Amino acid sequence: MKPIEIKPGVYFVGAIDWDRRLFDDLVPLPDGTSYNAFLVKGSEKTALIDTVDFHMADVLFDYLEGVDHIDYIIAHHGEQDHSGTLPRILEKYPEAKVYLSPKAKGIFMDLLHLPEETFVTVQDRETLSLGDKTIEFIHAPWVHWPETMFTYLQEDKILFTADCFGSHIATNELFVKDEGIVHEAAKRYFAEIMMPFSGVIKRNMKKIEDLEIDIIAPDHGPLYKHPEFILEAYRHWVYDDPKNEVVIPYVSMHGSTKVMVDHLTAALTERGVTVRLFNLSEGIIDIGKLAMALVDAATIVIGTPTVLTGPHPNAAHGAFIVNALRPKVKYLTVIGSYGWGTKAVDVLKGMLSNLGKAEFLDPIIVKGLPRADDLKTIEALAETIAKNHEAQSFA
Ligand code: FEO
């Protein structure tokens, strides 16, 4: 295969993984993914930007057929979907040096067992000349690992952003064509991977706001010839207030918690609040769907019965995911029932410690099947949620 030219002297040499359906043995990939890598040929030097997942190394080597010399390998990020083929690349191009952030060096040595002399560490805003092209290194720590960096190809105005701004889509359309499709996939990707680091993403977005950018080239999914599309989407996800929405992940064993969840859903609906229900009876079927809902939610209500005094394990799994993803939720609480004793609220509250800035509303825990009074209490909870959202103008 011939490298695909993006701009004169800049080529896509990545791998499209049409068949992958799970990432990290956790995240569903309904549309596959890609591992984007790039070859930059300057008038004097040649650089490879990132590699591909090890199991697709042959695709990268196909693209590099006829490339007899690489001077520099730019390694944005240590995770193996981008670094996994690096040892084989260095076998073919032993003259190449790997340029990475100081924090990355140890990570690469630990993950890939490469010798220290392979690496050259670069400082934030340091540059590297390829002759008529200049690579500028921009440290972007915690997007989403501590060592991550972006690079800016100054003359071509291409910003390479590692995982940031990516989407898990397998497509042979190199650039975004249908923004609606990519928006959905990029939001799913943001929610699953970037949302826990929203604070540092704000800082990193400030670092790039003065750059003139023709193309944003992430390490997954199609590239952006209209960078403002993805930058604006990230501004909404990171900076905007949450919406007038409640996410309810719940489990019900004998129907009591379901009665409560259904009553709360109806009461919120009457009050104009959008509800996103996730029945976890079979576990979390698609973490991405739950994660996307959390991007916009102002309130989370976890519904659980009691199992051996604690929450149902599937509700606990839901709480674990919510806590790990650190959504910008403002209110949370727990509803559910028990037969003879419960500590479910205390356990779940302890599991949601990352959401410490959110207000914990009064939980509703009912012994057995909810009675008329319990349903009134649920209506009062709906009223509180609706009023809280209205008071803060969540739309
Ligand atoms: Fe696409 Fe964090 O690796």
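Residues numbered from 1 in each chain as written. Predicted model: local features only at pLDDT ≥ 70, side-chain atom pairs only at ≥ 80, totals over all residues. Heavy atoms only, no water.

**Some points on the sheet that holds strand β7 (residues 38–41)**
One key point about sheets: their strands pair by backbone hydrogen bonds, in either a parallel or an antiparallel sense. What counts, and what does not: Between any two strands, at least two bridges found by DSSP are needed for them to pair. Put simply, DSSP H or I for four residues or longer makes a helix, DSSP E for two residues or longer makes a strand, and each gets a number counted from the N terminus. Structural elements are reduced to axes, namely lines fitted to C-alpha atoms, with helices fitted over the stretch in contact, and the angle between N-to-C directions of any two is expressed from 0 to 180 degrees. Two residues form a contact once any of their heavy atoms are found within 4.5 Å.
Read across the open sheet, the seven strands follow the order β1-β2-β7-β8-β9-β10-β11; overall the sheet is mixed. In this open sheet, the two strands that pair with only one neighbour each are β1 (4–7) and β11 (119–121). Looking at each pair of strands side by side, their axes are set apart by 30° on average, direction ignored. Examined bridge by bridge, strand β8 (residues 46–49) and strand β9 (residues 72–74) share three bridges and lie parallel to one another. Each bridged residue has a counterpart across the sheet, and for isoleucine 49 the counterpart in β9 is isoleucine 74. Running over the sheet, helix α4 (residues 102–112) touches β10 (97–100) and β11 and is turned about 155° from β11.

**Re the domain arrangement of the chain**
In plain terms, the rule: Boundaries of every domain are those given by an automatic assignment or by a domain database. Reported buried area values correspond to the accessible surface (1.4 Å probe) lost by two parts on association, with both partners' losses combined. Should a side-chain nitrogen of Lys or Arg be within 4 Å of a carboxyl oxygen of Asp or Glu, the pair is scored as a salt bridge.
Looking at the assigned domains, one finds that the chain contains domain 1 (4–239) and domain 2 (245–388). Placing the centre of domain 1 and that of domain 2 at their C-alpha centroids yields a distance of 38 Å. Facing 13 residues of domain 1, the contacting portion of domain 2 comprises 15 residues. Broken down residue by residue, the surface that domain 1 buries against domain 2 is led by Lys187, Arg188 and Met195, which jointly contribute 41%. Seen at the junction of domain 1 and domain 2, the total is two salt bridges.

**A look at the side chain of aspartate 219**
Selection rule: Only protein chains enter the calculation, and the probe is 1.4 Å; a residue is then buried if its accessible area is under 20% of its type maximum, exposed if over 50%, and partly exposed in between. The charged-residue count follows a simple rule in which Lys and Arg add positive charge and Asp and Glu add negative charge, with His and chain termini not counted at all.
With respect to the helices and strands, the residue aspartate 219 is situated in the loop between β16 (215–217) and α7 (227–239). Despite its burial, aspartate 219 pairs with no opposite charge; the closest candidate is arginine 20, at 13 Å N-O. The residues touching aspartate 219, leaving out its near neighbours within four places in the chain, are Ser34, Tyr35, Asn36, Phe38, Asp50, His76, His82, Ala162 and Asp163.

**As for the packing of aromatic side chains**
The line we're drawing: Ring pairs shown here join Phe, Tyr and Trp side chains whose ring centres sit within 6.5 Å, with only the six-membered ring taken for Trp; geometry is labelled stacked below 30 degrees between planes, edge-to-face above 60, and tilted in between. We call a charge positioned above a ring when the Lys NZ or Arg CZ atom is no farther than 6 Å from the ring centre and deviates by at most 35 degrees from the ring normal.
The full count for this structure, using the stated rule, is 12 aromatic pairs. Centroid distance phenylalanine 38 to phenylalanine 160: 5.0 Å. Interplanar angle 55°. Geometry classified as tilted. Highlighted residues: phenylalanine 38 in strand β7 and phenylalanine 160 in strand β15 (residues 158–160), separated in sequence by 122 residues. Taken as a pair, phenylalanine 38 and phenylalanine 160 share a single burial class, namely buried. Residues tyrosine 72 and tyrosine 99 carry aromatic rings whose centres are separated by 5.1 Å and whose planes lie at 75° to one another, so their mutual orientation is edge-to-face. A residue pair is termed long-range when its members are at least 10 positions apart, and tyrosine 72 in strand β9 and tyrosine 99 in strand β10 qualify at 27 residues. Through pairs of rings, three or more aromatic residues link up here, namely Phe12, Phe38, Tyr63 and Phe160. When the ring centre of phenylalanine 175 is taken as origin, the NZ or CZ atom of lysine 225, which lies over that ring, is 4.3 Å away.

**Examining the sheet that holds strand β13 (residues 134–139)**
Reading across the sheet, the five strands line up as β12-β13-β14-β15-β16 and stay open at both edges, with mixed pairing between neighbours. Each edge of the open sheet is held by one strand with a lone partner, namely β12 (127–129) and β16. Between one strand axis and the next, the sheet turns by 20° as a mean value, whatever way the strands run. Pairing of strand β14 (residues 149–153) with β15, which is carried by three bridges, proceeds in the antiparallel orientation. Residue pairing for β15: threonine 151 is matched across the bridge by phenylalanine 160.

**Thoughts on the environment of proline 227**
Considering the arrangement of structural elements, one finds proline 227 in helix α7. In contact with proline 227, not counting residues within four places along its chain, are Ile213, Asp214, Ile215 and Ile216.

**Remarks on helix α10 (residues 313–325)**
Inclusion rule: Helix span, expected: 1.5 Å multiplied by one less than the number of residues in the helix.
Taking 1.5 Å per residue, 13 residues should reach 18 Å; α10 reaches 18 Å between its end C-alpha atoms and fits that length. Among the residues making up α10, those that are buried are Asn314, Ala315, Ala316, Gly318, Ala319, Ile321, Val322, Asn323 and Leu325. On its buried side, α10 packs onto α5 (179–194), α9 (287–296), β19 (299–307), β20 (310–311) and α11 (344–351). Of the residues trailing α10, arginine 326 is marked for its positive phi of about 50°.

**Looking at a positive patch on the surface**
Operational definition: For patches, a residue must show more than 30% relative accessible area and have no salt bridge; joins then use 9 Å for like charges and 5 Å for nonpolar side chains, namely Val, Leu, Ile, Met, Phe, Trp and Tyr. For the area figures, the Shrake-Rupley method with a 1.4 Å probe applies, and any residue is considered shielded solely by the protein chains shown. Working definition for charges: the position is that of NZ of Lys, CZ of Arg, CG of Asp or CD of Glu.
Together, Lys202, Lys206, Lys330 and Lys357 give the surface a local cluster of positive charge. Structurally, lysine 357 is set in the loop between α11 and β22 (359–360). Lysine 357 sits in the exposed class, given a relative accessible area of 88%.

**Side note on the environment of tyrosine 152**
Here tyrosine 152 lies in strand β14. The spatial distance from the C-alpha of tyrosine 152 to the C-alpha of glutamate 136 is 5.0 Å, given a sequence separation of 16 residues. The residues touching tyrosine 152, leaving out its near neighbours within four places in the chain, are Thr134, Ile135, Glu136, Ile138, Lys157, Ile158, Leu159, Leu211 and Glu212.

**Structural notes on the packing of α5 against α9**
The relative placement of two packed helices is expressed as an angle between their axes plus a distance between the axes. Rule in force here: What sets the label is the angle itself: under 35 degrees gives roughly parallel, over 145 gives roughly antiparallel, 65 to 115 gives roughly perpendicular, and the rest give oblique. Asp, Glu, Lys and Arg are counted as charged, while Ala, Val, Leu, Ile, Met, Phe, Trp, Tyr, Cys and Pro are counted as nonpolar; the rest, among them Gly, fall into the polar class.
At a minimum axis separation of 8 Å, α5 and α9 run at an interaxial angle of 85°. Relative to α9, α5 is oriented roughly perpendicular. Of the residues in α9, those touching α5 at Glu184, Lys187, Arg188, Phe190, Ala191 and Glu192 are Gly288, Lys289, Ala291, Met292, Val295 and Asp296. Residues belonging to the contact of α5 with α9 are distributed by class as follows: five nonpolar, one polar and six charged.

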